[in-house]
Amino acid sequence: ISEFANYAYYENCDFMISYRKLEAEQKQRWSNFDIIKNGSSLVEIQDMIANGELLLSDRDYGGMGLAHLAATYNRQDLLKWLVTSKKMSLSSKEGRGRTVL
């Protein structure tokens, strides 16, 4: 079998189809963090969390959670809400082992 035929086979096998679907879903989840980075209102972010578009357990591609992103982008309103209302810890660690603060 030629190298191209092998490649075509693997691109169309169930594993690769599932992998591509998972990859697309993950990229979508990561793009949801843009709402924090772009300065959207606290209410908009709360709505995304309430309707499941953004999960408290989500992490971006660098391993940063919502509290880490709130601190990084100086979103004091969001950070305060996450810690007081959602009981998120300031001692949680991101992908490189750093805490929120």
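Fair warning: this is a prediction, and the values are worked out from it, not measured in the lab.

Enquirer: Would you mind going over the overall build of the protein chain with me for this structure?
Expert: Within the protein chain, the secondary structure is distributed over six helices and zero strands. Walking the protein chain from its N terminus toward its C terminus, one meets helices and strands in the order α-α-α-α-α-α. Taking all 101 residues of the protein chain together, 29% fall into the buried category. The long-range fraction of contacts in the protein chain, counting pairs at least 24 apart against all pairs at least 6 apart in sequence, stands at 52%. For the protein chain, the exposed surface amounts to about 6,900 Å²; the carbon and sulfur share of it is 54%.

Enquirer: Can you walk me through the pattern of salt bridges in this structure?
Expert: When charged atoms on two side chains of opposite charge get close, those side chains can pair. Inspection of every chain in the model, using the stated rule, returns two salt bridges. Between aspartate 77 and arginine 75 there is a salt bridge, with the nearest N and O atoms lying 3.2 Å from each other. Relative accessible area serves as the criterion here: at 35%, aspartate 77 is assigned to the partly exposed category. Salt-bridge contacts for arginine 98 lead to glutamate 94; the nearest nitrogen and oxygen are separated by 2.9 Å. Exposure remark for glutamate 94: the relative accessible area of 8% places this residue in the buried category.

Enquirer: So what exactly am I meant to see when it comes to the packing of helix α4 (residues 42–50) against helix α6 (residues 76–84) here?
Expert: In helix packing, the relevant descriptors are the interaxial angle and the interaxial distance, both defined with respect to the helix axes. With their axes 10 Å apart at the nearest point, α4 and α6 run at an angle of 40° to one another. Here α6 runs oblique to α4, going by the angle between their axes. As for the relative orientation of α4 and α6, their crossing is right-handed in sense. Side by side, α4 and α6 meet where Leu42, Ile45, Gln46 and Ile49 of the first sit next to Asp77, Leu78 and Trp81 of the second. Looking at side-chain class alone, the contact of α4 with α6 contains five nonpolar, one polar and one charged residues.

Enquirer: Got a minute to help me understand the confidence of the model for the protein chain in this structure?
Expert: When the pLDDT values of the protein chain are averaged, the result is 84; 86% of them are 70 or greater. By mean pLDDT, helix α1 (residues 3–12) is the weakest element of the protein chain at 60, and α6 is the strongest at 96.

Enquirer: In this structure, what is going on with the nonpolar core? I would like to understand it.
Expert: One recurring pattern in soluble globular proteins is that nonpolar side chains are buried together. Core analysis: the biggest nonpolar cluster contains 18 residues, and Ile36, Ile45, Leu54, Leu66, Leu78 and Leu82 have the highest contact counts within it. For this core, the secondary-structure elements that each account for two or more residues are α3 (34–37), α4, α5 (66–72) and α6. When sequence neighbours within four positions are dropped, the list of residues in contact with leucine 66 reads Phe33, Ile36, Ile49, Leu54, Leu55, Leu56, Asp58 and Leu82.

Enquirer: For this particular structure, what's the right way to read the side chain of histidine 68?
Expert: The topology assignment puts histidine 68 in helix α5. Look at histidine 68 and you get buried, because its relative accessible area is 4%. Once residues within four sequence positions are removed from consideration, histidine 68 is found in contact with Arg59, Ser92, Lys93, Glu94, Arg98, Thr99 and Val100.

Cut-offs applied
Residues numbered from 1 in each chain as written. Predicted model: local features only at pLDDT ≥ 70, side-chain atom pairs only at ≥ 80, totals over all residues. Heavy atoms only, no water. Helix = DSSP H or I, 4+ residues; strand = E, 2+ residues; numbered from the N terminus. Buried < 20%, exposed > 50% of the residue type's maximum accessible area, 1.4 Å probe, protein only. Contact = heavy atoms within 4.5 Å. Areas by Shrake-Rupley, 256 points an atom, 1.4 Å probe, with all protein chains shown as cover. Salt bridge = Lys/Arg side-chain N within 4 Å of Asp/Glu carboxyl O. Axes fitted to C-alpha atoms, helices over the stretch in contact; angles between N-to-C directions. Parallel < 35°, antiparallel > 145°, perpendicular 65-115°, else oblique. Left-handed = near helix turned anticlockwise from the far one by under 90°. Nonpolar A, V, L, I, M, F, W, Y, C, P; charged D, E, K, R; others polar. pLDDT = per-residue confidence, 0-100. Core = buried A, V, L, I, M, F, W, Y, C linked by side-chain atoms within 4.5 Å.

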